Amino acid sequence: MKSSTSPHAAAHSSGSGGWTPRLVLSLISLLCLTESAAFTNISTSTALPKIIDHFHTTQGGWLLTATLLVGAASAPLLGKLADLYGKRRMILASATAAGLGEILAATAPRFWVMIVGHVLLGTLTGLLFLCYSLIRDVYPKNLVPFAASVSVTGTGLLVVGAPFLIGGLIDHLGFRSLYVFNLGWLIVMGVIVVLTTPETSVRRPTRIDALGVLLVAGGVTLVLLPVSMGAQWGWGSARVVGLLIGGAVVLSVYVAVSLRIQEPVLNLRTLVRKTVLFGVLGGGLAFGLAAVVTTLLALLVMTPRQLGGTYGLGLSATRYALVTALFALGSVVGGIVVGVLTRRTGPRPLMHGGLVLLTAGLLALALAHDTLGKIIIGAVVFGLGLGFATGAMPNLVIMGTPASEQGSMSSAGGLSAGVIGATLTTVAFSIMTPTAKSPAPGVLVYGDSGISDSLLVFAALGFVTLLIGAVLLRSSGTEAAETPATAAAQESALPA
């Protein structure tokens, strides 16, 4: 492995050390950058009713789908480029591309322009997963488990306060102000990262698997397009069946090609390790569910009861912030608990707990959502599960992946989150669309049964993922005794 170690980076990546003001500011700035991805999802979900009304469209779900789809397609490429050119450099490149997306969305005269803006915002998914990989490289090893866990679950005041900020911006300045705010946020945090966080010294000479990038992006797109349009085209139509088959064929070709070359964009041999695969599946499901559940929560809380019939509280975006703030607080608490316990228990049982809580929260929301109290209970339980699962994911990936592949394998989390998130978003709207009604021109209201059925489907997915992790991907005795700290120590003894 080729490395170019700078004294600055070496000082941060030494075997032990405590928190310094520079490290604290570095972690906060990385957290704030990753929270820009969460801010985008929450703000888009919250503003979706306003955006749909402004552009008079029934395709609002494509804003989330486009972001998640591009995140899935771009994550492997960003991960590979990070191994080649440096993780901090690619984090800043992702933030720059997202900044251009913010500008497009903020000024979009047509709905399709806003979708293009969200396409660029998809690069934030790769940024999210590269941050914990950079932390692994440049932070003292004894601080990595906590910092990595917290890096994907956010900081308390930030994520708890964000929903109130989002609600206030929408209610007083309109939905476009959200994109202006996030643009400024990206610029400020990017500058702080440059000033406080060294570039990783870990490099891996590699080639860019352009064919693999095209195959992954093309295959995922071919699968998700018919899933989104199935209700409109007809699930048994030639277009839907043909695209699904085509997507499966393209992805199968990628699998065959990637196993024959030395430097695939995504190393499937590493991905299929039980520890890594469980982390990618569990964490990807949690991230994907978070994107779509916040959308469903907005519909449950902000739809007027006279339109929703059996659901809908008719609250403003500002008052809706109470729900999303408590949801976010649950996620933060879960992430902090994981950060504290990971060195003692290992991340696997914490992922199990996260999937249990996710499933329970989804069931609670599906079965009872006619009052604010019931919605808050379901949202908080789901938020706790989200914090546990997303906090455990980076430590599972770190534990099962050598340092030289951290960039590309962190992208597996981005790929999983993007694919699962885009799929679940399109599935949710496909289930809800047939139940929709238009009580007035330009007004679209989804039926209660469509929202409840979507939540029940997602709860079933959470339970199935839990079973897969506990039965098919259960750890061996050797793996069960390993923690991120011991894995890092063993790896440091290997020759470079």
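Residues numbered from 1 in each chain as written. Predicted model: local features only at pLDDT ≥ 70, side-chain atom pairs only at ≥ 80, totals over all residues. Heavy atoms only, no water.

Chemist: What am I meant to see in the nonpolar core here?
Modeler: When a protein is soluble and globular, its nonpolar side chains tend to lie buried together. Core analysis: the largest hydrophobic core is formed by 124 residues, its most contacted members being I51, M114 and Y139. Each residue touching M114, except ones within four places of it in the same chain, is listed here: I51, F55, L63, A105, A108, F175 and Y179. (Core = buried A, V, L, I, M, F, W, Y, C linked by side-chain atoms within 4.5 Å. Buried < 20%, exposed > 50% of the residue type's maximum accessible area, 1.4 Å probe, protein only. Contact = heavy atoms within 4.5 Å.)

Chemist: Just to check I follow, could you spell out the packing of helix α3 (residues 61–85) against helix α5 (residues 111–121) for this structure?
Modeler: A packed helix pair is summarised by two numbers, namely the angle formed by the two axes and the spacing between the axes. Axis separation between α3 and α5 bottoms out at 7 Å; the angle between their running directions is 30 degrees. What the angle tells us is that α3 and α5 run roughly parallel. The handedness of the crossing between α3 and α5 is right-handed. For the pair α3 and α5, the contacting residues are W62, L63, A66, T67 and V70 in the first and F111, M114, I115, H118, V119 and L121 in the second. Counted by class, the contact of α3 with α5 contains nine nonpolar, two polar and no charged residues. (Axes fitted to C-alpha atoms, helices over the stretch in contact; angles between N-to-C directions. Helix = DSSP H or I, 4+ residues; strand = E, 2+ residues; numbered from the N terminus. Parallel < 35°, antiparallel > 145°, perpendicular 65-115°, else oblique. Left-handed = near helix turned anticlockwise from the far one by under 90°. Nonpolar A, V, L, I, M, F, W, Y, C, P; charged D, E, K, R; others polar.)

Chemist: Sorry, what's going on with the confidence of the model for the protein here?
Modeler: In low-pLDDT regions, the fine details of the predicted coordinates are not to be read closely. Mean pLDDT over the protein stands at 79; residues scoring 70 or higher make up 84%. When pLDDT is averaged over each element of the protein, helix α16 (residues 348–367) comes out on top at 95 and helix α1 (residues 7–12) at the bottom at 40. Low pLDDT, under 50, characterises residues 1–14; the stretch is placed with 32 contacts to residues that sit more than four places away or in other chains. In this model, residues 478–496 is a region of pLDDT below 50 whose contacts with residues beyond four sequence positions or in other chains number 23 contacts. (pLDDT = per-residue confidence, 0-100.)

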